[in-house]
Amino acid sequence: MINLTRLFRPSCTLALFAGVLVSMIGCSDPPPPPPKKAKKTPVVQGPPPAMSIDDLIAENGIDDRVWMDELQAPPTNAQRLGLLQFFDGFLTGRADLLKPFFGPIEREELAKLEASGDLAQLAADIEGVEIRLGVTNEGRPAVLGLYEFADRVEGQMWEIADGPGPAGMGSGQYILVAAYAPPGLSDWLGRDAFIDWYAAVQTEQAMLNKADLGMEAARAKASDASENPAEAPSGSSGGGGPGGPGMR
């Protein structure tokens, strides 16, 4: 007789193994998801570094008698070149270089200087010019030109009324206004020419406001102080005469 139990036992064993295998597969953890690629943050390229003052002078044909301290220079090429071209206009006697920087009042005075020949004479007499950047007594940006002559140094303060960016220091054309210069200002300029300049202006204004001093008396007193350096503030180091070279 055939033993049916033995005949079917292997099949039962295989079925049992298959069931265990399926159970094991069904209970295993799913494979982890692939790692997400990190998003690359776009790099914002800033403006290229400004050219050196010497390179700007050489590349743009600026008179090499113009000098500006690299540490004081504005941060962009447009700002640097604008100032260099402005003072180059005085050294070369070119009204066409100066005119774009001026408002109506300065343009009128420039026309007079050119017509009289004083601008050409000024260019012939100037041996060099130093550019300094600073602020007025009210915190507005300004630029001081120290004009070197054979026997003296005269300063002219130019207040930046409009132009390159916020507060006059961005990109574009400067609009410069000649600041008032009290008589004998050269004896007032010391280590910080900007502070000294506006201190001299305020001193003269205070003198003019005194009830017992008229305009002529105040100017005479300021002139006497300039002729007697001992009476002027200490630390003077050259600088502008009345109104600077040819403007105010």
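Residues numbered from 1 in each chain as written. Predicted model: local features only at pLDDT ≥ 70, side-chain atom pairs only at ≥ 80, totals over all residues. Heavy atoms only, no water.

Right, let's get into the overall build of the protein chain. When helices and strands are counted, the protein chain shows eight helices and five strands. The secondary structure elements of the protein chain, listed N-terminal to C-terminal, are α-α-β-α-α-α-α-β-β-β-β-α-α. Counting across all 248 residues of the protein chain, residues that qualify as buried make up 38%. Pairs at least 24 residues apart make up 53% of the contacts formed inside the protein chain by residues separated by at least 6 positions. (Helix = DSSP H or I, 4+ residues; strand = E, 2+ residues; numbered from the N terminus. Buried < 20%, exposed > 50% of the residue type's maximum accessible area, 1.4 Å probe, protein only. Contact = heavy atoms within 4.5 Å.)

Our next topic: the environment of Phe102. With respect to the helices and strands, Phe102 occurs in the loop between α4 (95-98) and α5 (104-116). C-alpha separation for the pair Phe102 and Val177, spaced 75 residues apart in sequence, amounts to 6.9 Å.

So, about helix α3 (residues 77-92). Here α3 is 16 residues long and its end C-alpha atoms lie 22 Å apart, about the 22 Å a rise of 1.5 Å per residue gives. Most of α3 is tucked away, with 12 of its 16 residues classed as buried. Along α3, the residues that are buried comprise Gln79, Arg80, Leu81, Gly82, Leu83, Leu84, Phe86, Phe87, Asp88, Gly89, Phe90 and Leu91. Looking one or two places after α3, you find Gly93, whose phi comes out positive at around 70°. (Expected span 1.5 Å × (residues − 1).)

What follows is about the nonpolar core. Residues Leu84, Phe86, Phe87, Phe90 and Trp158 are the most contacted members of the largest nonpolar core, which totals 34 residues. Examining the composition of this core, we find that seven residues originate from one element, α3, more than from any other. Counting 15 residues, the second largest nonpolar core, distinct from the first, contains Leu185, Leu189, Phe194 and Tyr198. (Core = buried A, V, L, I, M, F, W, Y, C linked by side-chain atoms within 4.5 Å.)

Right, let's talk about the pattern of salt bridges for a bit. This structure, assessed with the given rule, holds nine salt bridges. One salt bridge in this structure joins Lys112 and Glu108, with 4.0 Å as the shortest N-O distance. Taken as a pair, Lys112 and Glu108 lie in helix α5 at a separation of four residues, close to a single helical turn. Here Lys112 falls in the exposed class, since its relative accessible area comes to 54%. (Salt bridge = Lys/Arg side-chain N within 4 Å of Asp/Glu carboxyl O.)

Bridge count between strand β1 (residues 66-68) and strand β2 (residues 128-135): three bridges; the pairing is parallel. The residue of β2 that forms the bridge with Val66 is Val129. Across eight bridges, the pairing between β2 and strand β3 (residues 141-148) is antiparallel. The residue of β3 that forms the bridge with Val135 is Pro141. (Pairing = 2+ DSSP bridges.)

The next point concerns the packing of aromatic side chains. Summed over all chains, the structure comprises nine aromatic pairs. Both rings, one in Phe86 and one in Phe102, keep their centres 5.7 Å apart while their planes meet at 85°; by these two values the pair is edge-to-face. On the criterion of sequence distance, the pair formed by Phe86 in helix α3 and Phe102 in the loop between α4 and α5 is long-range, its members being 16 residues apart. For the residue pair Phe86 and Phe102, the accessibility class agrees, reading buried in each case. (Phe/Tyr/Trp six-rings, centres within 6.5 Å; stacked < 30°, edge-to-face > 60°.)

Further remarks concern the confidence of the model for the protein chain. For the protein chain, per-residue confidence averages 75 on the pLDDT scale, and 65% of positions sit at 70 or higher. Confidence drops under pLDDT 50 across residues 1-18; counting only partners more than four residues distant or on other chains, this segment forms zero contacts. The low-confidence segment residues 164-171 (pLDDT under 50) makes 21 contacts with residues lying over four places distant or belonging to another chain. (pLDDT = per-residue confidence, 0-100.)

Turning our attention to the side chain of Arg80. Secondary-structure assignment places Arg80 in helix α3. Side-chain polar atoms of Arg80 contact the side chain of Glu70, separated by 2.5 Å. Apart from residues no more than four positions distant in its own chain, Arg80 is found in contact with Ala50, Met51, Ser52, Ile53, Leu56, Met68, Glu70, Ala73 and Pro74. (Polar contact = N/O pair within 3.5 Å; in protein donor to acceptor, adjacent residues only side chain to side chain.)

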